[in-house]
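Chain by chain, the residues run as shown.
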Amino acid sequence: MADSVPTRSARADYHRLIGQAVDVPLSALPTLSAHAQGVLLAASSQGWLRSPKDLLTHLLDRSAEADQPIPDPAMTVQLRLIHAAPTALIAGCWLAGQLTVEQSHTELGQLLLSEHFALCGQGHWSSHRSVHYRSILVAHGVQLHDPQSPLFARDPRFSDADFLLGTVLLQASRLGAAQKPEVIGVHAAMMLSETLLDVEHALPRSVVLQADRPAVVRKSSVPQLDSILTVYAQTEGADLARVLRGALWVLDAKRQWLQSLTVLPTVSVAQQMQDLVVRKLGHGYGFHRHVLLGARTMDSYWNPQHPQIGELLTALAESPWIVKGQPEQSPLLTQVTQFGGSMFGVFDDAELAVIARWISSLTDAYDHADRTPQPVHSVASLSVTSEPLESSLIPSREPVPKISLRQLYQRWLCPSKQPGSVAQARSYVVAKLSEVEYAGQVSTLLRQGLWPWSAQRLSAWVDARLKEQVKEESEEPDGVSVESLLTREEVIWLLLQLAPAALIDGAWLQGTLRPSCPYLPPVTLLQKIYRDELGAGLCHQHHGNLMRKVLAAEGITLAAVDREEFVNHPQILSAAFSTPVLWLAYALHSQDFFPELLGLNLAIELAGVGSMYSRASRLLRRHQIDPYFFVLHNTIDNGASGHTAWSTEAIALYLDDIAVQGDASHAALCWQRIWRGFATYGQSSAPLLRAIALRIGPRLGYRWLRAHLGRIPTAEAS
Ligand SMILES: [Fe+2]
Ligand SMILES: [Fe+2]
């Protein structure tokens, strides 16, 4: 990330936090102002913290108190949108640290998951609150970089105070289970806040969805918050004062931000435009002798000896180069200063933005006919997800951590507890990728009919693979089935070997929720899959919970996945941790290894359809063991409209976007990276297959087992 963002400022904090690895400890939690401390004290002494309902009432009052309209009535719509952008463009990020797999198996986890899903557009990219906000920005001629970019934090149109609230939200996104109550408070304060919604409220009605109107949104949030607070209050050690503390972090930052807006100069736009013209005087004079502005030449206005800036701007405003209030319709911006125009290259982006704001301020009339927000797909942001191996398809080998798979599993489940975990996970992914270099080679892809890249080729390959997997299901090579050879005890033991992966089913995608991962259409699809793996809002559908239930019915009760008792369970083989460890390593680097993650995800989802899971279901039924974990995957992962279809679509969206930018070689490189990611999945399963063969093989006959090795269900939960 850029070094040139000033240090020790809210904008520097924002920039640092949005890209910081999760194992870097937060330097500090937000501090409370004296006012907020007073509120906390009073709430305690006046009984507002007695019950969740009392707290919610209190939060509603405090939020209403802190909600003020943007103070400066003269501020243009564009400026309002810009000042709120560092907050509005990271909607929902504050919940990311609470939505890891190991925290989502509870009712509270599911409620928070649903809240996040709603903020992220219910699985529809263009309905994501931040994407919607960006659409509004674009409709008003405001172009901003992605929040993850260093250019965003350096943008001179922001004041430092504009980053205050966003910084608190990013801090919250880094907090884990230990600070759940504070994050719930942050969420409540954000959902009850009307100030940001007021920014959109100030816009013409046609560009703000009716459902997004502040009062509607605020009112609709209350029942959900009521449920969240009620469920939280029932958890062991619940502390409602900590929830209020989190909410006060937000209210404090919002108050400071609003105060900062009052000191903005009321004539800033006009003054900025005048300043801009004055700055250009020395360079422009002499070049405009024959350019008429009204009845005079332009040079006559800005003779350095007798500049007449006010008159020049008045004449310019009335000229055909300007359409008042509509910068995007004004030839000065659409033609003269564009490539091929007579003033191309004269103004930098910040100066063009000043001109745009000045044109906007020339009238209050706002013609919304052509300004319905359109979903925008930031080409620039795509590159964020594809860089670390850019220079070479084959990364250099890095030392693989000398720690057991069991320890890595525990460490990467809770990386914030162990500094250095994230760097270690990166080395692990790089090492695993280097073992499957062949999978991304052109010759390999050509052999499989996968070269060069095309969406049709991918789709045809996936279809053929699915058909093959379904066909395998109906063919028994020698008439001897696994079902008839395994004892019930062996089947339960096999199930137990699935637990390290199955209990954290979906974990490979948990990094896609972090604010460092830009909101892009393929990310939305991955988030949809993740949500399903976690139960889509219902505890009993959480895939990990399903496996727990099956095992519990067989008398096996397992500890929480991050506990020593689970990680060192004597009946679980070390090799059973191989696949989930790979998942967790990817999850810590979703942004850097995004193409590989797309490939891994496809491999996992594809594995859930067809023979392997059907055979597993039959095996369990034969022994009167609940087969639903496998039945579910055979349906939910389907290739027509299920997870396999979404996985394929995500890859197509990702590569098509790169190809649209005209960068065919980059698309080809990413395509190769995707297949290497795909191959890491099969590679990660091999140790468990070998270990199972060694354990069960001698009894069944090793040769027979080897012939069936690929047919034994392994740690391939999805
Ligand atoms: Fe799945
Ligand atoms: Fe699953």
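Residue positions are given per chain, counting from 1 as you read along its sequence in written order. All chains are assigned letters beginning at A, and all ligands numbers beginning at 1, according to the order in which they are written. Reporting of local features is limited, given that this is a predicted model, to residues whose pLDDT is at least 70; pairs of side-chain atoms are given and counted only at 80 or more, and all residues count toward the totals for whole chains, interfaces and linings.

### Concerning the overall build of the chain
Under the convention used in this document: Elements are defined by DSSP. Helices are runs of H or I of four residues or more, strands are runs of E of two residues or more, and each kind is numbered from the N terminus. Counting other C-beta atoms within 10 Å of a residue's C-beta gives its exposure: the residue is buried at 20 or more, exposed at 12 or fewer, and partly exposed in between, where C-beta atoms are placed from the backbone. For the purpose of contact definition, each residue receives a C-beta atom placed from its backbone, and two residues are in contact when these atoms lie within 7 Å.
Counting its regular elements, the chain contains 33 helices and two strands. Residues classed as buried in the chain amount to 46% of the 718 residues present. Of all intrachain contacts in the chain linking residues separated by at least 6 positions in sequence, the fraction that spans at least 24 positions is 79%.

### Some details on the packing of helix α23 (residues 488-502) against helix α25 (residues 543-553)
The criterion, for reference: Helix axes are fitted to C-alpha atoms over the stretch in contact, other axes to C-alpha atoms as well, and angles between N-to-C directions run from 0 to 180 degrees. In these notes the angle categories are as follows: under 35 degrees is roughly parallel, over 145 is roughly antiparallel, 65 to 115 is roughly perpendicular, and the rest is oblique. The hand of a helix crossing depends on one turn: near helix anticlockwise from the far one by less than a right angle means left-handed, and clockwise means right-handed.
Axis separation between α23 and α25 bottoms out at 10 Å; the angle between their running directions is 155°. By the criterion of interaxial angle, the relationship of α23 to α25 is roughly antiparallel. Along this stretch, α23 crosses α25, giving a crossing that reads as left-handed. Of the residues in α25, those in contact with Leu 495, Leu 496, Leu 498, Ala 499 and Ala 502 of α23 are His 543, Gly 544, Met 547, Val 550 and Leu 551.

### Regarding helix α30 (residues 628-636)
Of all the residues in α30, the buried ones are Phe 629, Phe 630, His 633, Asn 634 and Ile 636. In this fold, the buried residues of α30 make contact with α23, α24 (521-533), α25, α29 (611-622) and α31 (643-660).

### Structural notes on the environment of Trp 508
With respect to the element layout, Trp 508 can be found in the loop between α23 and α24. The buried category is assigned to Trp 508, around which 29 C-beta atoms lie within 10 Å. Residues in contact with Trp 508, not counting those within four places in the same chain, are Trp 583, Tyr 586, Ala 587, Leu 597, Leu 600, Asn 601 and Ile 604.

### Here's the deal with the nonpolar core
Filter applied, for reference: In these notes, a nonpolar core means any group of buried Ala, Val, Leu, Ile, Met, Phe, Trp, Tyr and Cys residues linked to one another through C-beta atoms within 7 Å.
Val 186, Ala 247, Val 250, Leu 584, Ala 585 and Tyr 586 are the most contacted members of the largest nonpolar core, which has 169 residues in total. Among the elements that take part in this core, helix α32 (residues 664-700) stands out by supplying 11 residues, more than any other. With residues near it in sequence (within four places) discarded, Val 186 still touches Trp 94, Leu 169, Ala 172, Gly 246, Ala 247, Trp 249 and Val 250. If you look at the next biggest cluster of nonpolar residues, it comprises 14 residues, including Ile 322, Val 354, Ala 356 and Ile 359.

### A word on the packing of α31 against α32
Where α31 meets α32, the axes come as close as 8 Å, and the angle between the chain directions of the two elements is 155°. In terms of orientation, α31 and α32 fall into the roughly antiparallel class. Crossing hand, α31 versus α32: right-handed. Within the contact between the two elements, α31 uses Ile 651, Leu 655, Ile 658 and Ala 659 and α32 uses Ala 664, His 666, Ala 667, Cys 670, Trp 671 and Ile 674.

### Thoughts on the environment of Glu 596
Among the secondary structure elements, Glu 596 is positioned in helix α28 (residues 594-607). Look at Glu 596 and you get buried, because 28 C-beta atoms sit within 10 Å. In this view, Glu 596 contacts Leu 433, Arg 673, Ile 674, Arg 676 and Gly 677; residues no more than four positions away in its chain are not counted.

### Remarks on unusual backbone geometry
A cis amide bond links Trp 451 with the next residue in sequence, Pro 452, at an omega value of -5°. Residue position: Pro 452 is located in the loop between α20 (442-447) and α21 (455-474). With a phi close to 50°, Ala 536 is a non-glycine residue in the positive phi region. Mapping Ala 536 onto the fold places it in the loop between α24 and α25.

### Topic: the confidence of the model for the chain
As a reminder of what qualifies: Confidence of the predictor at the level of single residues is given by pLDDT, which spans 0 to 100.
Confidence along the chain averages 84 in pLDDT terms, with 83% of residues attaining 70 or more. Taken element by element, the chain is modelled with least confidence in helix α17 (residues 379-382), mean pLDDT 29, and with most confidence in helix α27 (residues 578-587), mean pLDDT 98. Scored below 50 in pLDDT, residues 1-6 shows 14 contacts in the model against residues more than four places distant or in partner chains. Confidence drops under pLDDT 50 across residues 364-398; counting only partners more than four residues distant or on other chains, this segment forms 61 contacts.

### Focus: the environment of His 83
As for its placement among the helices and strands, His 83 is situated in helix α4 (residues 77-88). It is 8.1 Å that separates the C-alpha atoms of His 83 and Arg 157, two residues lying 74 residues apart in sequence. Beyond its immediate chain neighbours, meaning those up to four positions away, His 83 contacts Asp 162 and Leu 261.

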